[in-house]
Amino acid sequence: MGLAEAALEGARLRLRPILMTSFAFILGCIPLWVASGAGSVGREIMGTTVIGGMLAASALGIFLIPAIFYLVERLSGARATEPGMLPSPAQGD
């Protein structure tokens, strides 16, 4: 499998667990976001921050991590060999 195909397949496999975990956490923070009563301003601010942070972290995990994997592998040249072949061990070890 080529490098781009591997990155896309990894992203495809990780999409559902990332979304399920993120949505569960975000839905759990909604009571903070819509708080009322004494001290509600602090809870609303905390809920807004946590929900926004989880949305940003989810977007990074879904889009940025596979792209960084592709770039790092491409720049490092670690996959310079044929797909499916292991690099040969160094001589003289």
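Before reading on, note that the structure itself is shown above.
Engineer: An account of the overall build of the protein is needed here, citing residue identities and associated values.
Structural biologist: Scanning the protein from terminus to terminus reveals two helices and zero strands. Scored against the burial criterion, the 93 residues of the protein give a buried share of 15%. At a minimum sequence separation of 6, the contacts of the protein that also span at least 24 residues come to 60%. Total accessible area computed for the protein in this model is approximately 7000 Å², and 71% of it derives from carbon and sulfur atoms.

Engineer: Break down the pattern of salt bridges for me, citing the residues and quoting the values.
Structural biologist: In total, this model carries one salt bridge according to the counting rule given. For Glu-9, the salt bridge goes to Arg-12, with nearest N and O atoms at 2.8 Å. Here Glu-9 pairs with Arg-12, and both are found in helix 1 (residues 3–33), just three residues apart, close to one helical turn. Relative accessible area serves as the criterion here: at 30%, Glu-9 is assigned to the partly exposed category.

Engineer: Describe helix 1, listing the residues and the values that go with them.
Structural biologist: For helix 1, which comprises 31 residues, the first-to-last C-alpha distance of 41 Å matches the rise-based estimate of 45 Å (1.5 Å per residue) to within 8%. In the structure, helix 1 departs most strongly from a straight axis at Arg-14, where the bend amounts to approximately 35° and where the proline Pro-17 lies between one and four residues downstream. Of all the positions in helix 1, only Leu-3, Ala-7, Ile-18, Ser-22, Ile-26 and Cys-29 are classed as buried. In the core, the buried residues of helix 1 are packed alongside helix 2 (40–76).

Engineer: Can you explain a nonpolar patch on the surface? Please cite residues and give values.
Structural biologist: The grouping of Phe-23, Leu-27, Ile-30, Trp-33 and Val-34 at the surface amounts to a nonpolar patch, some 510 Å² of accessible area in total. By the element assignment, Phe-23 lies in helix 1.

Engineer: Can you tell me about helix 2, naming the residues and giving the values?
Structural biologist: With 37 residues, helix 2 extends 50 Å between its outermost C-alpha atoms, agreeing within 8% with the 54 Å of an ideal straight helix rising 1.5 Å per residue. The largest bend along helix 2 measures about 40° and falls at Leu-64, with the proline Pro-66 one to four residues further on. Turning to helix 2, its buried residues are Ser-40, Gly-47, Ile-51, Ser-58, Gly-61, Ile-62 and Pro-66. Those residues of helix 2 hidden inside the fold are in contact with helix 1. With its phi angle positive at about 70°, Gly-77 sits one or two positions after the end of helix 2.

Parameters and conventions
Residues numbered from 1 in each chain as written. Predicted model: local features only at pLDDT ≥ 70, side-chain atom pairs only at ≥ 80, totals over all residues. Heavy atoms only, no water. Helix = DSSP H or I, 4+ residues; strand = E, 2+ residues; numbered from the N terminus. Buried < 20%, exposed > 50% of the residue type's maximum accessible area, 1.4 Å probe, protein only. Contact = heavy atoms within 4.5 Å. Areas by Shrake-Rupley, 256 points an atom, 1.4 Å probe, with all protein chains shown as cover. Salt bridge = Lys/Arg side-chain N within 4 Å of Asp/Glu carboxyl O. Expected span 1.5 Å × (residues − 1). Bend = angle between axes of the 7 residues up to and from the residue. Patch = residues over 30% accessible without salt bridge, like charges linked within 9 Å, V, L, I, M, F, W, Y side chains within 5 Å.

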